[in-house]
Every structure is written in C-alpha cells, then in structure tokens.
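# A structural walkthrough
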2 protein chains.
Amino acid sequence: MAKFMDVHSGFHGVTREQLSEAHDADLKIEGEEGVHFERAWLDPESGKVFCLSTGPSKEAVMRVHERAGHPTSEVYELTDEV
Amino acid sequence: MAKFMDVHSGFHGVTREQLSEAHDADLKIEGEEGVHFERAWLDPESGKVFCLSTGPSKEAVMRVHERAGHPTSEVYELTDEV
C-alpha cells in the first residue's frame, strides 16, 4: 500500500474541533476507497493542514477528500521515510 | 515544546540513502538548538520532503536545516493534530 502526504490550504483560524470533524468525515468513507488517513496536522495561522495516509492511489485519496467536502490536488506519493 | 512541519522542494530524484544522509546531518546538530526531527518523508518525483519536528521555535528549526545544508523557509507550527 502506498503512502501519501496531502496538503490543504485555507484552514485559516480553524479550531481543533473543526479539524476533528473534517478528519472524521474522511474516516467515515475512506474504507470505500481502500484509503486510511493516519494523521492530520493543522497550522491555523497559515491555514495549512497536512494529512498522512495510505491507499491504492493519489486519485483514491483525492476522491475521499472531495466527497468529505475538503478537496485538494496537492497529494504527494511518499516513496521513502526516515 | 511546539511541533512543526517543514517542506523542502528540490529533492527531485533523490535516493533513500541521500534522504537518510540529509536527515542524519540534521540529527547530528539538532540538539544544539533544542530541536528534534521525528520523521522525514520523501516524494522524489515532485522533489518534496516533509519533516516533522519539535522544538522551541520556527527559527530554531530553520537554523538546523540551514547549517545541515538544506535550508527551507516553509516551516509551519502545528497547533493541533488528530
């Protein structure tokens, strides 16, 4: 299973609860695409959210985020980690 | 201790060994700034590297990366994670 990092912009001033709600919306439907979102990190000042996931493809990750209401096209396949 | 995600661009075609060398260069000096790089993820196709760290400030994270030879100004303070 491939690993991905995706980046959202526009989460300015978002609270922890709102981040949690967005993450839960992903978790609810991710299984339908064989995706699992392991972690999401928020910087409310810059509005960035970073999501670490595993799944069959970038497109599957993007579809889950789109259906959950927070699409992004910035999805990177991570071939190595240390 | 605050948590940060920083993003490097320009690691196109970089190998796992080269990523590991860059990460080791950080680990060797990070203590001098009270920083710890927990994880680094590489996408050699886009050239992106994402580094997760803890430390006293963005500036401390940037100084370690600069002294280790791979500076970046894209450092985000992560106030929440889920």
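Residues numbered from 1 in each chain as written. Chains lettered and ligands numbered in written order. Predicted model: local features only at pLDDT ≥ 70, side-chain atom pairs only at ≥ 80, totals over all residues. Heavy atoms only, no water.

Now for the overall build of chain A. Broken down by element type, chain A carries 2 helices and 5 strands. Taken from the N to the C terminus, the helices and strands of chain A come in the order β-α-β-β-α-β-β. Scaling as 2.2 N^0.38, a compact globule of 82 residues should have a C-alpha radius of gyration of about 12 Å, and chain A matches this with 12 Å. The principal-axis extents of the C-alpha atoms in chain A amount to approximately 35 × 30 × 20 Å. Scored against the burial criterion, the 82 residues of chain A give a buried share of 54%. Considering only intrachain contacts with a sequence separation of at least 6, the fraction spanning at least 24 residues in chain A is 66%. Looking at chain A as shown, the accessible area adds up to about 3800 Å², and 47% of this sits on carbon and sulfur atoms. Averaging the coordinates of the 8 positive side-chain charges in chain A and doing the same for the 17 negative ones gives two points 2 Å apart. (Helix = DSSP H or I, 4+ residues; strand = E, 2+ residues; numbered from the N terminus. Rg over C-alpha atoms; globule rule 2.2 N^0.38 Å. Buried < 20%, exposed > 50% of the residue type's maximum accessible area, 1.4 Å probe, protein only. Contact = heavy atoms within 4.5 Å. Areas by Shrake-Rupley, 256 points an atom, 1.4 Å probe, with all protein chains shown as cover. Lys, Arg positive; Asp, Glu negative; His and termini not counted. Charge placed at Lys NZ, Arg CZ, Asp CG, Glu CD.)

Before going further, it helps to examine the pairing of strand E2 (residues 36-43) of chain B. Each regular strand displays side chains that alternate between the two surfaces of the sheet. Across 2 bridges, the pairing between strand E5 (residues 80-81) of chain A and E2(B) is antiparallel. Along E2(B), the bridge assignment pairs Asp80(A) with Leu42(B). Linking two consecutive strands that pair antiparallel, namely E2(B) and strand E3 (residues 48-55) of chain B, is a turn of 4 residues; a positive phi of about 85 degrees is found at Gly47(B) within it. (Pairing = 2+ DSSP bridges.)

In this assembly, 25 residues from chain A lie in contact with 25 residues from chain B. Taken over both partners, the interface formed by chain A and chain B buries close to 2500 Å², and the fraction arising from carbon and sulfur atoms is 60%. Its largest share of buried area at the contact with chain B, chain A owes to Trp41(A), Asp80(A) and Val82(A), together 30% of the area lost on that side. Scanning the region where chain A abuts chain B turns up 4 salt bridges. Residues Arg39(A) and Glu81(B) are paired through a salt bridge, measuring 2.8 Å at the closest nitrogen-oxygen approach. Counting residues per element, the side of chain A that touches chain B draws most heavily on strand E2 (residues 36-43) of chain A, which supplies 6 residues. (Buried area = accessible area lost by both parts, 1.4 Å probe. Salt bridge = Lys/Arg side-chain N within 4 Å of Asp/Glu carboxyl O.)

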